[in-house]
Amino acid sequence: MKLTKCAIALGSNLGDSLATLKSAIATLNNTPEITVNSYSSWYQTAPVGPPQPDYINACAILEVALEPEQLLATLLEIEIKFNRIRREKWGPRTLDLDLLLYDDLILDTPTLTLPHPRMTERAFVLVPLAEIAPDWVHPVTKSAIAQLLQTVNCSGVEKMKV
């Protein structure tokens with residue numbers, strides 16, 4: 001199978017979030033058929049949803065030899081390894097891995113929508129993604145990630161000094 005370039009978002013706001021995210025990157029890179037090509041800086045971000053601690057967020061560019069549904073299943077398995085429990089929509093979590101872009105694929109199934117349906121509205125996704133893939137063109141909006149970033153309010157997204 002050919003390799004496909006993908007973008008994912010990573011987030012955590014429970015436990016030692018920074019250690020969890022670094023470990024998740026290593027886990028991804030040690031997963032067969034996944035290579036982590038690059039990842040962004042770490043960003044402290046205000047939460048969306050119910051009251052909860054701030055998040056640490058990042059994005060990564062992967063090369064995968066997996067179909068989109070297989071990649072999603074792998075990401076969900078990794079979340080479970082890091083004790084992800086789904087209690088409430090947009091609730092706090094030990095690890096969140098979201099598949100944002102799968103090359104230029106547009107897909108809408110009961111279990112997966114690509115590109116990620118809310119990524120263009122979220123500074124906590126666009127800020128780190130623009131750092132590592134500013135020229136990647138969103139297949140629906142036809143705008144580069146750097147252009148999309150200019151359309152969102154970035155207050156509450158702070159680059160961490162690590």
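Our structure's up above, just so we're on the same page.
Note that this is a predicted model, so its numbers are computed, not measured.

Draft legend 1. How the structure looks around the overall build of the chain. In terms of regular secondary structure, the chain is built from four helices and eight strands. Secondary structure elements of the chain, listed N to C terminal, follow the sequence β-α-β-β-β-α-β-β-β-α-α-β. A compact globule built from 162 residues should have a C-alpha radius of gyration of about 15 Å, and the chain, at 15 Å, falls within 12% of that. On the principal axes, the C-alpha backbone points of the chain span a range of 40 × 35 × 30 Å. Per-residue burial over the chain gives 49% buried out of 162 residues.

Draft legend 2. Up close: the environment of G156. Along the chain, G156 falls in the loop between helix 4 (145-149) and strand 8 (157-159). For G156, a relative accessible area of 31% gives the class partly exposed. Those residues within four positions of G156 in sequence are excluded, and the remaining contacts are Q44, T45 and A46.

Draft legend 3. Looking closely at the nonpolar core. Ranked by size, the top nonpolar core spans 28 residues in total, and within it I8, L10, L28, L62, V64, L71 and L99 carry the most contacts. Looking at this core, the elements with two or more residues in it are strand 1 (4-12), helix 1 (17-29), strand 2 (34-39), strand 4 (55-64), helix 2 (68-81) and strand 5 (96-102). The next biggest cluster of nonpolar side chains, apart from the first, holds 21 residues, and it includes A9, C59, V127 and W136.

Draft legend 4. Seen up close, the packing of aromatic side chains. What the rule picks out here adds up to one aromatic pair. A centroid spacing of 5.6 Å and a plane angle of 40° characterise the contact between Y39 and W42, whose relative ring orientation is tilted. Residue class for Y39 comes out partly exposed when judged on its relative accessible area of 42%. Judged by relative accessible area, which is 7%, W42 ranks as buried. The ring of W136 has K5 sitting right over it, with the charged end atom 4.3 Å from the ring centre.

Here is what the cut-offs are and how they apply
What you see as residue numbers is a count from 1 along each chain, following the sequence as written. Reporting in this predicted model follows two pLDDT cut-offs: at least 70 for local features of residues, and 80 or more for side-chain atom pairs to be given and counted; totals over whole chains, interfaces and linings ignore these cut-offs and use all residues. The side-chain values count all of the structure's non-hydrogen atoms but skip hydrogen atoms and water molecules. Labels follow the DSSP assignment, with helices taken as runs of H or I lasting at least four residues and strands as runs of E lasting at least two, numbered in each case from the N terminus. In this description the radius of gyration comes from C-alpha coordinates, and the expected globular size is given by 2.2 Å times residues to the power 0.38. Throughout, exposure labels follow a simple rule: accessible area from a 1.4 Å probe, protein chains only, divided by the maximum for the residue type, with under 20% read as buried, over 50% as exposed, and the rest as partly exposed. Contact between two residues is taken to exist if any of their heavy atoms lie within 4.5 Å; hydrogens are not considered. We call a set of buried Ala, Val, Leu, Ile, Met, Phe, Trp, Tyr and Cys residues a nonpolar core when their side-chain atoms join them within 4.5 Å. Within 6.5 Å between ring centres, the rings of Phe, Tyr and Trp (the latter by its six-membered ring) count as paired, and their orientation is classed by plane angle as stacked under 30 degrees, edge-to-face over 60, tilted in between. Geometrically, a lysine NZ or arginine CZ counts as sitting over a ring once it is within 6 Å of the ring centre and also within 35 degrees of the ring normal.

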